[in-house]
Amino acid sequence: NNDIIYIGLVQRQTKRRNITNLAEIQQEIINNYSTNNAAYKNGNNYTVHLEWKYMETMDFTEQATWWNRQDVVVAAHGAAMGNIMFLRPHTTAVVEIFPRHYYVDMYQRLSETLNVTYFGYYSLDDDTEDLDDFYPQFDYLKHCSKRKERYAMRAVRLTPPVRHIMDLIHKAVDHVVLARQWENEKRRGYAE
């Protein structure tokens, strides 16, 4: 349905890399995109359908179907992000949340390859959230060579600031709305 934006929240059942404040993020999405405050862009009114899922409880077909139905997916970095391959190209977006001081770009690169818009949240330290400050210190080979340390860095619970995640969700929703408008205009142009 072109009037509904599907936002999927992916949670983990394990204590490692689960998003501890996902309920708060869910409530903020509801507050920002409720029926009375629907996403509004260029004269089009959209309502949001929100789903929270555990990928561990779904078989392969259920995961593929669920991801394909979503317009925006919010998830912690991990294997479930491989399901990006089932998002629709050009009109969908994903928000990936990383553990503190941990970053790998494999799902960002997969998103780019599949024409899925990508937004990543990188928690660097208490006084900066700017990835540009992170890159000069980031040595990928060293990062990969310290496997045990890297595993320990990523095997933590995540509590990203809700406002930062909401900023990324707003950008993702804006992308979906604009992409739909562009697709509709393109169709109308072909029809004329």
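Located above this text is the structure these notes cover.
A short tour of the structure in this document, coming up. None of the values given here were measured: they were computed from a predicted structure.

Before going further, it helps to examine the nonpolar core. Among the nonpolar cores identified, the biggest contains 28 residues, and I5, I7, I25, I29, V74, I169 and V173 are the most heavily contacted of them. Elements that contribute at least two residues to this core include exactly β1 (4-11), α1 (22-33), β3 (44-54), β4 (72-76), β5 (93-97), β6 (117-121) and α7 (162-191). Membership of the second largest hydrophobic core comes to 21 residues, among which are W66, V73, L87 and V116.

What follows covers the pattern of salt bridges. Scanning the entire structure with this criterion turns up 6 salt bridges. The residue E183 makes a salt bridge to K186 at a minimum N-O spacing of 3.8 Å. With a gap of 3 residues between them, E183 and K186 both fall in helix α7, about one helical turn apart. Overall, E183 belongs to the buried group, its relative accessible area being 17%. E183 is paired through a salt bridge with R187; the nearest N and O atoms lie 4.0 Å apart. Remark: R187 and E183 occur in helix α7; sequence separation between them is 4 residues, near one turn of the helix. Residue classification places R187 among the partly exposed positions, given a relative accessible area of 49%.

Moving on, we get to unusual backbone geometry. Although it is not a glycine, H90 adopts a positive phi angle of roughly 75°. Structurally, the position occupied by H90 is in the loop between β4 and β5. Of the residues examined, H90 reaches a relative accessible area of 44% and is grouped as partly exposed. Within the chain, N115 stands out as a residue other than glycine whose phi angle is a positive 60°. Inspection of the secondary structure assignment puts N115 in the loop between α3 (106-113) and β6. Assessed through its relative accessible area of 40%, N115 is described here as partly exposed.

Bringing the packing of aromatic side chains into the picture now. The description of two aromatic rings rests on the distance between their centres and on the angle between their planes. What the rule picks out here adds up to 5 aromatic pairs. When the centroid spacing of 6.1 Å and the interplanar angle of 75° are considered together, the rings of W66 and W67 count as edge-to-face. Note on W66: relative accessible area 1%, which makes it buried. Overall, W67 belongs to the buried group, its relative accessible area being 0%.

Glancing now at the environment of Q11. Inspection of the secondary structure puts Q11 in strand β1. Classification of Q11 by relative accessible area gives buried; the value is 7%. Between the alpha carbons of Q11 and K53 there is a distance of 6.1 Å; along the sequence they are 42 residues apart. At a separation of 2.7 Å, a polar atom in the side chain of Q11 contacts the main-chain carbonyl oxygen of I19.

Turning to the pairing of β5, a few remarks are in order. Within β5, 5 of the 5 residues are buried, leaving the element largely enclosed by the surrounding structure. Because side chains alternate across β5, one face comprises the buried residues A93, V95 and I97, and the other comprises V94 and E96, equally buried. As judged from the 5 bridges shared by β4 and β5, these two strands associate in the parallel manner. Among the inter-strand pairings, V72 is bridged to a residue of β5, identified as A93. The pairing of β5 with β6 spans 5 bridges and is classified as parallel. Looking across to β6, one finds that V94 is bridged to Y118.

Conventions adopted
- Residues numbered from 1 in each chain as written.
- Predicted model: local features only at pLDDT ≥ 70, side-chain atom pairs only at ≥ 80, totals over all residues.
- Heavy atoms only, no water.
- Core = buried A, V, L, I, M, F, W, Y, C linked by side-chain atoms within 4.5 Å.
- Buried < 20%, exposed > 50% of the residue type's maximum accessible area, 1.4 Å probe, protein only.
- Helix = DSSP H or I, 4+ residues; strand = E, 2+ residues; numbered from the N terminus.
- Salt bridge = Lys/Arg side-chain N within 4 Å of Asp/Glu carboxyl O.
- Phe/Tyr/Trp six-rings, centres within 6.5 Å; stacked < 30°, edge-to-face > 60°.
- Polar contact = N/O pair within 3.5 Å; in protein donor to acceptor, adjacent residues only side chain to side chain.
- Pairing = 2+ DSSP bridges.

Everything listed here is a matter of coordinates, which is why it stays silent on function.
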